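What follows is each chain in one-letter form.
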Amino acid sequence: MNIVTAATEAAGIAKAGGLADVVSALNKEWAAKGHNIIIILPKYRYLDCPEGNFQPTDITLIVPMGKWTEFAQLWQGTLPETNIPVYLIEHNVYFDRNEIYGESKEYPDNDRRFIFFSRAIMETCKALNFRPDVIHAHDFHTAFTMAFLKTHYHNEPLFNKTAGVYTIHNLAYQGKFDPINSLTYAGFDREAFYIGSWFEQFGVVNAMKVGIMFADKITTVSPTYSKEIRLDYYSEGLRDELNIRAADLIGILNGPDYGVWSPSIDHFIYKKYSAVSLEDKKINKHELLKDFGLSNQDNLDKPLFGMVTRLTEQKGIDLIIEVLEKFIANGDMRIILLGSGDHKYVSFFNYMNEKYPKDVLIRIGYDNSLSHRIFAASDYYLMPSRYEPCGLTQLYALKYGTIPIVRLTGGLADTVEEYNEERLSGTGYTFFGYKSDELEFAIKRALSIYLKEPLWNSVRMNCMNKNFTSEESAKKYIEVFNWASESK
């Protein structure tokens, strides 16, 4: 099958979040199964791979934008440590910037940037004479490829049998654009925008809605999330559209790349370990704490809670704020956090770090190697999300024998099972209501088994024996691609 992956991130090249990990993991699995793949990304100012991994081609893309034409240079390389072709679209006005999506808030011209990118994806296929069986678009940034496939490129022989599959990674980020400007960029008449049209949502162009309505099939990143987003509380205003397309809406659980995220092969951690050498996990804990300035006199064996997260309301930070200091002040736990996000949350953790410098350890920003070390070192992983489409970090935690404490929503409900002390079954501690007292009770239950055998090793072994492989996820996507192609 010829597959075009249209995305704004891919691990090893450009990453802002879990989208990058999913894109890379899926494409590796498809390539291993013999599918013919190309990945198309913007060429950002900063790439995670060495500069020599990509070289400019002699192809100049001619990209229609409304009533005018723009040009872009096409670069070619590979997904790191693979032979999977990756093409970068270079347009310095749009992509030669410090960040992928914006600095502190989204760039004000993200409508123009990503509509251009979506149109350039179609032109890249033409320039390469690559006839896709499916275009797989991710989130609102590439949603307009679904519309272009059904309109501007519908009668072109290269695309007349191409199916469009649209994956929602996070429904909250929808791409709400000024209708006059965005439709002009996309080459649609103003008459296409009216109340109830596939472009309109509450008086603006909604790119997420565009993807949902024009795609042949829609996927989300966990089965539970695919059901939740059809309800008012989780739908972010798109309940009706998602229910209209319910027959074409499929939830596929994300799978981690265990070739990267596994303590037995992880070159970022202090000491590799596996389920049969779980005692070496403690070495990782002690060494990480020493790197943060602690010594043997600071009780290195105190329960350690880890968090690698965006500091946003979605991630349940408000609940953590309500309960954390009580546990820290009582000496019940220590927490280590890596992340960035809303100023008010960053300020809270900075305050806690100043007040409890040996028990609230923080690093604001992004550090891939440190994230691996946190998973390997932590005893527990804290993830009380208000909503969670899938989540990958709880899956990483499981593989590293780090016990997750999660709210039962989205992919968290699909991947973490409450630990049962009598049956020695389950993999973590869960709660349902978005309430601080429920989180507090879950933490207390988790702490009650700390170092208490046989419970302690039982739950950690259960975690490490779970297998949410990206291979299974990739297989289900191919099934969806085939279903979408059958309608062509």
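The text that follows walks through the structure, step by step, so that each part is easy to find. This structure is a prediction, so every number in the text was calculated from the model and none was measured. Note that residues are indexed from 1 along each chain, following the sequence as it is written. Only residues with pLDDT of 70 or above have their local features reported here, since the model is predicted, and side-chain atom pairs are shown and tallied only from 80 upward, although totals for entire chains, interfaces and linings are computed over all residues. The side-chain values count all of the structure's non-hydrogen atoms but skip hydrogen atoms and water molecules.

Helix and strand definitions here come from DSSP, where helices need a minimum of 4 consecutive H or I residues and strands a minimum of 2 consecutive E residues; each element is numbered from the N-terminal end. Within the chain, the secondary structure is distributed over 18 helices and 20 strands. Computed over its C-alpha atoms, the radius of gyration of the chain comes to 23 Å, within 12% of the 23 Å expected for a compact globule of 488 residues. Its C-alpha atoms put the chain at 70 × 45 × 40 Å along the principal axes. For the exposure calls, accessible area comes from a 1.4 Å probe over protein chains only, and a residue counts as buried if that area is under 20% of its type's maximum, exposed if over 50%, partly exposed in between. Out of the 488 residues belonging to the chain, those deemed buried represent 59%. Look at the contacts in the chain between residues 6 or more apart in sequence, and 73% of them connect residues 24 or more apart. The protein chains shown are the only cover counted for residues, whose accessible areas, like all others here, come from Shrake-Rupley with a 1.4 Å probe. Only carbon and sulfur atoms are counted for the fraction: they give 49% of the accessible area of the chain, which is about 19,500 Å². Counted as positive: Lys and Arg. Counted as negative: Asp and Glu. His and the chain ends are not counted at all. Where a charge sits is defined by one atom per residue type, namely NZ (Lys), CZ (Arg), CG (Asp) or CD (Glu). Looking at charge distribution, the chain has the averaged site of its 52 positive side-chain charges lying 1 Å from that of its 62 negative ones. Our radius of gyration looks at C-alpha atoms and nothing else; its globule reference is 2.2 Å times the residue count to the power 0.38. A contact between two residues is defined here by any heavy atoms of the two lying within 4.5 Å.

This paragraph deals with the sheet that holds strand 8 (residues 134-138). We call two strands paired when DSSP finds no fewer than two bridges between them. Here nine strands make up an open sheet; going across it, the order is 3-4-5-2-1-8-9-13-14 and the pairing mixed. Every interior strand has two partners, whereas the edge strands, strand 3 (54-65) and strand 14 (249-251), have only one. Put simply, the sheet's adjacent strands are angled 25° from each other on average, direction ignored. Here strand 3 pairs with strand 4 (residues 68-78) via nine bridges, running antiparallel. Orientation is described by lines fitted to C-alpha atoms, with helices fitted over the stretch in contact, and by angles between N-to-C directions that extend from 0 to 180 degrees.

Helices that pack against each other are described as a pair by the angle of their axes relative to one another and the distance between those axes. Running from N to C, helix 11 (residues 317-329) and helix 16 (residues 436-447) point in directions that differ by 45°, and their axes come no closer than 9 Å. Relative to helix 16, the element helix 11 lies oblique. For helix 11 against helix 16, the interelement crossing comes out right-handed. Each of Leu319, Ile320, Glu322, Val323, Lys326 and Phe327 in helix 11 lies in contact with helix 16, whose residues at this interface are Ser436, Leu439, Glu440, Ile443, Lys444 and Leu447. Gly is put with the polar residues, along with every residue not named as nonpolar or charged; the nonpolar set is Ala, Val, Leu, Ile, Met, Phe, Trp, Tyr, Cys and Pro, and the charged set is Asp, Glu, Lys and Arg. Split into classes, the residues belonging to the contact of helix 11 with helix 16 amount to seven nonpolar, one polar and four charged. Here is the rule for angles: anything less than 35 degrees is roughly parallel, anything more than 145 is roughly antiparallel, 65 through 115 is roughly perpendicular, and the remaining ranges are oblique. Working rule for handedness: look at the near helix, and if it is turned counterclockwise from the far one by less than a right angle, call the crossing left-handed; if clockwise, right-handed.

Let us now look at unusual backbone geometry. The residue after Glu453, namely Pro454, is reached through a cis peptide bond having omega 5°. Tracing the backbone shows Pro454 in the loop between helix 16 and helix 17 (455-465). Positioned with a positive phi, Glu236 is a non-glycine residue whose angle comes to about 55°.

Ranked by size, the top nonpolar core spans 131 residues in total, and within it Phe144, Tyr166 and Ile212 carry the most contacts. At eight residues, the largest contribution of residues to this core is made by helix 3 (residues 110-128). Definition used in this section: a nonpolar core is a set of buried Ala, Val, Leu, Ile, Met, Phe, Trp, Tyr and Cys residues joined via side-chain atoms within 4.5 Å. One finds Leu311, Leu439, Ala446 and Tyr450 within the second-largest nonpolar core, a separate group that totals 38 residues.

For the rest of this paragraph, the subject is the pairing of strand 2 (residues 36-42). For strand 2, the buried fraction is high: six of the seven residues fall into the buried class. The sheet contact formed by strand 1 (residues 2-6) and strand 2 spans five bridges and is parallel. Paired with Ala6 across the bridge in strand 2 is Ile40. Read as a crossover between parallel neighbours, the route from strand 1 over helix 1 (residues 18-32) to strand 2 is right-handed. Pairing analysis gives four bridges linking strand 2 to strand 5 (residues 85-90), with the strands arranged parallel. By the bridge assignment for strand 5, Ile40 is matched with Tyr87. When the strands point away from the viewer and the connection leading from the first strand across the helix to the second strand turns clockwise, the crossover is called right-handed.

This paragraph deals with helix 10 (residues 281-291). Think of an α-helix as 3.6 residues a turn; residues three or four steps apart then line up on the same face. Inspection of helix 10 places Lys281, Asn284, Lys285, His286, Leu288 and Leu289 among the buried residues, and these make up the whole buried set. Buried residues along helix 10 sit in contact with strand 15 (304-311), strand 16 (334-341), strand 17 (360-364), helix 13 (368-377) and helix 17. Downstream of helix 10 by one or two residues, Gly293 has phi in the positive range, about 95°.

The criterion for an aromatic pair is that two Phe, Tyr or Trp rings (for Trp, the six-membered ring) have centres within 6.5 Å, with stacked assigned to planes under 30 degrees apart, edge-to-face to planes over 60 apart and tilted to the rest. This model, assessed by the stated rule, comprises 32 aromatic pairs. Ring geometry for Tyr101 versus Phe114: centroids 6.2 Å apart, planes at 50°, classification tilted. You can see Tyr101 sitting in the loop between helix 2 (92-95) and strand 6 (102-103) and its partner Phe114 sitting in helix 3, a full 13 residues away along the chain. Of the two residues examined, Tyr101 and Phe114, each falls in the buried class. Between Phe188 and Phe199 the ring centres are 4.8 Å apart and the planes differ by 50°, which places this aromatic pair in the tilted class. Of the two residues, Phe188 is situated in the loop between helix 5 (179-186) and strand 11 (200-201) and Phe199 in the loop between helix 5 and strand 11; the sequence distance between them amounts to 11 residues.

What follows deals with helix 1. Between its first and last C-alpha atoms helix 1 spans 22 Å; for 15 residues at 1.5 Å apiece the expected length is 21 Å, and the two agree. Of all 15 residues that make up helix 1, 11 are buried, and the element is covered over most of its length. Every buried residue belonging to helix 1 is among Leu19, Ala20, Asp21, Val22, Val23, Ser24, Ala25, Leu26, Asn27, Glu29 and Trp30, and all of these are buried. Residues of helix 1 that are buried make contact with strand 1, strand 2, strand 8, helix 14 (393-399) and helix 18 (470-486). Phi turns positive one or two residues past the end of helix 1, at Gly34, with a value near 95°. The span you would expect from a helix comes to 1.5 Å times its residue count less one.

Before going further, it helps to examine the sheet that holds strand 12 (residues 204-206). If you trace the three strands from one edge of the open sheet to the other, you get 10-12-11, paired in antiparallel fashion. Single-partner strands in this sheet number two, and they are strand 10 (176-177) and strand 11. Here strand 11 runs beside strand 12; their pairing, made up of two bridges, is antiparallel. Bridging from a neighbouring strand, Glu200 pairs with Val205 of strand 12. Across the face of the sheet, helix 6 (residues 207-214) comes into contact with strand 10, strand 11 and strand 12 while running at roughly 55° to strand 12.

This paragraph deals with the environment of Thr427. For Thr427, the location among the structural elements is in the loop between helix 15 (410-415) and strand 20 (429-431). For Thr427, a relative accessible area of 2% puts it in the buried group. Once the C-alpha coordinates of Thr427 and Arg460 are considered, the two residues, 33 residues apart in sequence, prove to be 7.2 Å apart. In this structure Thr427 touches Leu398, Ile403, Pro404, Thr415, Val416, Glu417, Tyr419, Val459, Asn462, Cys463 and Lys466, once residues within four positions along its chain are discounted.

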